[in-house]
Amino acid sequence: MAKPQTITEFYHEKMNCIPDNLQQDIGHFNVFRMEDCQPASPSMSYNRRDFYKISLLRGKFIYHYADRTILTEDGNLLFFNPQVPYAWEQLSEEQASGYFCIFRESFLTEMGRHTLKDLPMFHPQGKPSYQLSPELEKEVERLFIKMLDEISSDYRGKYDLIRNYLMEMLHLVMKMEPSEKLYQHRNANERITAVFMELLERQFPIEAPGRIFRLRAAGDFAGELSVHVNHLNRAVKEITGKTTTSLISERIVTEAKALLRHTDWNIAEISYSLGFEEPSHFNNFFRKHTQLTPSGFRVV
């Protein structure tokens, strides 16, 4: 897997130019009509980007997002974050149309004590694709048009307005599927579990065969959290209904599938990158959890 695409590389690919304020504006925000960008190739390489992206797409696409494959058609709103690699394939011959915006996390510094990772659409294990009703699609399009109008204006407070439009868009989507757990941890066990999940997710994706993640066992995470391993196990079991070990294994399987499907690394390289001392141990682990060997999964 290649290094994450930077915003500079994005502008070279899409616009053949770089905005004057790119280096000065740490929280860089920009918004586009897809028709104004250079025609996209029928597919995009599977990789991470070092910025957030929200797209309202019209057309038929297949998105590969982590180990998931998502079919999207007109009226889909898609959310991408820097932690999760993705790629897409266009299924229709017509040029894609719609809108998208890109930004860094620091652009939304006014979220108070919350972060983008608290939001379900940007959580690494969250839901990245939302099928909008015709009415909601018009509302989202209206917000994109407002952002386009504002970004080209001379108004000194335009980025404050754009933040409001962006947050309104996020809330429109969250209202589709309200979650009582959004933004809050009701007790200590929820907090410990949330930090455990964050530490687990932070180790992925694996971007080079030589990189090995170090937290593989419940005891490793307990040491990072300065809690007894039994306390961590009880908290995670209470909140998720699963054991710490099973959650770690599930995440390793997810990453293994992504590496098998989207890289040309050999089985041994994937095995070592996932922390297995021998490829045979990886083979046994993968087969136990998927009923397939790694090489068998690769050709399915």
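So, here's what we can say about the structure. On a predicted model such as this, the values are computed, not experimentally measured, just so you know. (Residues numbered from 1 in each chain as written. Predicted model: local features only at pLDDT ≥ 70, side-chain atom pairs only at ≥ 80, totals over all residues. Heavy atoms only, no water.)

**A short note on the pattern of salt bridges**
Following the criterion strictly, the structure yields eight salt bridges and no others. A salt bridge links R251 to E201; the nearest nitrogen and oxygen atoms lie 2.9 Å apart. Here E201 lies in helix α4 (residues 188-202) and R251 lies in helix α7 (residues 244-262), a separation of 50 residues in the sequence. Take E201: its relative accessible area is 5%, and that puts it in the buried class. (Salt bridge = Lys/Arg side-chain N within 4 Å of Asp/Glu carboxyl O. Helix = DSSP H or I, 4+ residues; strand = E, 2+ residues; numbered from the N terminus. Buried < 20%, exposed > 50% of the residue type's maximum accessible area, 1.4 Å probe, protein only.)

**What about the sheet that holds strand β4 (residues 68-72)?**
One open sheet holds the three strands; their spatial order is β4-β3-β6, and the pairing between them is antiparallel. The sheet is open, and its two edges are formed by β4 and β6 (86-90), each paired on a single side. Neighbour-to-neighbour, the strand axes of the sheet open up by a mean angle of 20 degrees, direction not taken into account. With five bridges connecting them, strand β3 (residues 61-65) and β6 associate as antiparallel partners. (Pairing = 2+ DSSP bridges. Axes fitted to C-alpha atoms, helices over the stretch in contact; angles between N-to-C directions.)

**Considering the pairing of strand β1 (residues 29-33)**
Taking burial as the measure, the five residues of β1 include four buried ones, the bulk of the element. Here β1 pairs with strand β7 (residues 97-103) via five bridges, running antiparallel. When the sheet's bridge partners are listed, N30 is paired in β7 with I102.

**Comments concerning the packing of α4 against α7**
Axis separation between α4 and α7 bottoms out at 11 Å; the angle between their running directions is 30 degrees. When the interaxial angle is binned, α4 and α7 end up roughly parallel. The two elements α4 and α7 cross, and the hand of that crossing is right-handed. Taken together, the residues of α7 that come into contact with α4 (itself represented by F196, M197, L200 and E201) are T244, L247, I248 and R251. Across the contact of α4 with α7, the residue classes break down as five nonpolar, one polar and two charged. (Parallel < 35°, antiparallel > 145°, perpendicular 65-115°, else oblique. Left-handed = near helix turned anticlockwise from the far one by under 90°. Contact = heavy atoms within 4.5 Å. Nonpolar A, V, L, I, M, F, W, Y, C, P; charged D, E, K, R; others polar.)

**A short note on helix α6 (residues 229-240)**
Its 12 residues give α6 an end-to-end C-alpha distance of 16 Å, which sits within 8% of 16 Å, the value for a rise of 1.5 Å per residue. Along α6, the positions that sit buried rather than exposed are L232, A235 and V236. In an axial view of α6, the angular spread of the buried residues amounts to 95 degrees, which keeps them on one side of the axis. Along α6, the residues that are exposed and aim more than 90 degrees away from the buried face are R234 and E238. Of the surrounding secondary structure, the elements contacted by the buried residues of α6 are α4, α5 (218-225) and α7. (Expected span 1.5 Å × (residues − 1). Arc of directions from axis to C-beta.)

**Side note on the environment of Y165**
Along the chain, Y165 turns up in helix α3 (residues 158-174). Y165 sits in the buried class, given a relative accessible area of 13%. When the C-alpha positions of Y165 and F144 are compared, they lie 8.0 Å apart, and in sequence the two are 21 residues distant. If near-sequence neighbours (up to four positions away) are discounted, Y165 is found in contact with L143, K146, M147 and E150.

**Concerning unusual backbone geometry**
At S226, a residue that is not glycine, the phi angle is positive and equals roughly 60 degrees. Mapped onto the elements of the fold, S226 is located in the loop between α5 and α6. S226 gets classed as exposed once you look at its relative accessible area, which sits at 68%. Phi angles above zero are rare outside glycine, and Q291 is one such case at about 65 degrees. Counting through the fold element by element, Q291 comes out in the loop between α9 (279-290) and α10 (294-299). With relative accessibility at 61%, the residue Q291 sits in the exposed group.

**Considering the packing of aromatic side chains**
As enumerated under the stated definition, the model contains 15 aromatic pairs in all. Here F79 and Y130 contribute two aromatic rings whose centre-to-centre distance is 5.8 Å and whose plane-to-plane angle is 90 degrees, an arrangement assigned as edge-to-face. Highlighted residues: F79 in strand β5 (residues 76-80) and Y130 in strand β8 (residues 129-131), separated in sequence by 51 residues. As far as burial versus exposure is concerned, F79 and Y130 are alike and both buried. (Phe/Tyr/Trp six-rings, centres within 6.5 Å; stacked < 30°, edge-to-face > 60°.)

**Thoughts on the sheet that holds β1**
Across a sheet, paired strands are connected by hydrogen bonds in the backbone, their directions being either parallel or antiparallel. Reading across from one edge, β1-β7-β2-β5-β8 is the order of the five strands in this open sheet, with antiparallel pairing throughout. Of all the strands in the sheet, just β1 and β8 have a single pairing partner and so form its edges. Going from strand to strand, the sheet's axes swing by 10 degrees on average, the running direction of each strand aside. Against the sheet, helix α2 (residues 134-151) touches β1, β2 (52-58), β5 and β7, its axis set at about 120 degrees to β1. Packed onto the sheet, α3 meets β1, β2, β5, β7 and β8 and runs at close to 110 degrees relative to β5.

**Points about the nonpolar core**
Within the largest apolar cluster, 34 residues are counted, with the highest numbers of intra-cluster contacts made by F29, I54, L77, F103, F122, F144 and L170. Listing elements by their share of this core, those giving two or more residues are β1, β2, β5, β7, α2 and α3. Tallying contributions element by element places α3 first for this core, with nine residues. Setting aside residues up to four positions removed in sequence, F122 forms contacts with Y52, K53, I54, F79, F80, N81, F103, L116 and L170. (Core = buried A, V, L, I, M, F, W, Y, C linked by side-chain atoms within 4.5 Å.)

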